[in-house]
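# Observations on chain architecture
Now for the letters of each chain:
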Amino acid sequence: SKDIYVPFESSDYPNVVFYVIATSIELVTFSNFKGWYQINLRCNAPHAWLKEELLSFDLSEITEPTTIEIENKTNVMHPKWSNYIYEPELWIYLQGNESEIKLENLSDNGRIFEFIDLNIGEELYIHNRKKQIESNVAINRLANLFNKNWFRLVDGINEIKVYNQCILQIRTQFPIYV
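Below you will find a few notes about this structure. Within each chain, residue numbers correspond to sequence positions counted from 1 in written order. Since the coordinates come from a predicted model, pLDDT governs what is reported: local features require at least 70, and pairs of side-chain atoms require 80 or more to be given and counted, while whole-chain, interface and lining totals use all residues. The side-chain values count all of the structure's non-hydrogen atoms but skip hydrogen atoms and water molecules.

### A closer look at the sheet that holds strand β9 (residues 111-115)
Across the sheet, which stays open at both edges, the four strands sit in the order β6-β12-β8-β9 with antiparallel pairing between neighbours. Either end of the sheet is taken by a strand with one partner, and the two such strands are β6 (66-72) and β9. Direction aside, the axes of adjacent strands within the sheet are offset by 25° on average. Only strands joined by at least two bridges in the DSSP assignment are considered to pair. Helix and strand assignments come from DSSP, with helices taken as H or I runs of at least 4 residues and strands as E runs of at least 2, each series counted from the N terminus. Pairing geometry for strand β8 (residues 101-105) and strand β12 (residues 156-162), over three bridges, is antiparallel. Across the sheet, the residue bridging to L103 is V162, located in β12. The angle between two axes is taken between their N-to-C directions and runs from 0 to 180 degrees, where each axis is a line fitted to C-alpha atoms and a helix contributes only its stretch in contact.

Rendered as structure tokens:
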């Protein structure tokens, strides 16, 4: 069987979520008095998580590259890069006659995340941490249309230059030490 971790929020840490599973539950009572439950919990990670956020940017009418800002709020170092990198989930909805998408993270040395030769009006879902791409046209977009620079956020405010008309949604849930 697979362990299922459930969200747990405490008034001690507002806006923070722990994903936990109960490892033991014990009813504690004294004679005829009321009692309480003592529960031991195990977390899914050595850190907590900020509450999930979904950022939406309607860039469907831009006529020139436009810069948006996204803050990386993590204080947990990435295990692969030894710095505060965060890899969010993206939904990209191409607008107008666009057949490509290009996002340049000016805060990450101009790192470019790009797809070319897409279908007009195509919709993409990208899970950057898991290296997964889904398209509404059910074609493998990882093969030769993607530059393989997965989208990521570096520590602090990230300035992202968007080159194509699109609606961009970014889901984050930053790991955080409390």
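Continuing now.
### As for the pattern of salt bridges
Take a side-chain nitrogen of Lys or Arg and a carboxyl oxygen of Asp or Glu: if they are within 4 Å of each other, that pair is a salt bridge. Inspection of every chain in the model, using the stated rule, returns seven salt bridges. The partner of D3 in a salt bridge is R42, with the nearest N and O atoms 2.7 Å apart. One end of the pair, D3, is in the segment before β1 (6-8); the other, R42, is in strand β3 (residues 36-43), with 39 residues separating them in the sequence. Among the residues examined, D3 registers a relative accessible area of 41% and is labelled partly exposed. Through salt bridges with shared partners, a single ionic network connects E52, E89 and R171. For each residue, the accessible area found with a 1.4 Å probe, counting protein chains only, is set against the maximum for its type, and the residue is called buried under 20%, exposed over 50%, and partly exposed in between.

### A look at the packing of aromatic side chains
Here a pair means two rings of Phe, Tyr or Trp (six-membered ring of Trp) with centres within 6.5 Å. Their orientation is stacked below 30 degrees between planes, edge-to-face above 60, and tilted elsewhere. Going through the model one piece at a time under the given rule, you end up with nine aromatic pairs. Note on F30 and W36: the rings are 5.8 Å apart at their centroids and 50° apart in plane angle, and the pair reads as tilted. What makes F30 exposed here is its relative accessible area of 51%. Given the relative accessible area of 43%, W36 is considered partly exposed. Measuring from centroid to centroid gives 5.9 Å for F113 and F151, while their planes differ by 70°, and the two rings are edge-to-face. Taken as a pair, F113 in strand β9 and F151 in the loop between β11 (132-135) and β12 lie far apart in primary sequence, 38 residues in all. Of the two residues, F113 and F151, neither departs from the other in class, the shared state being buried.

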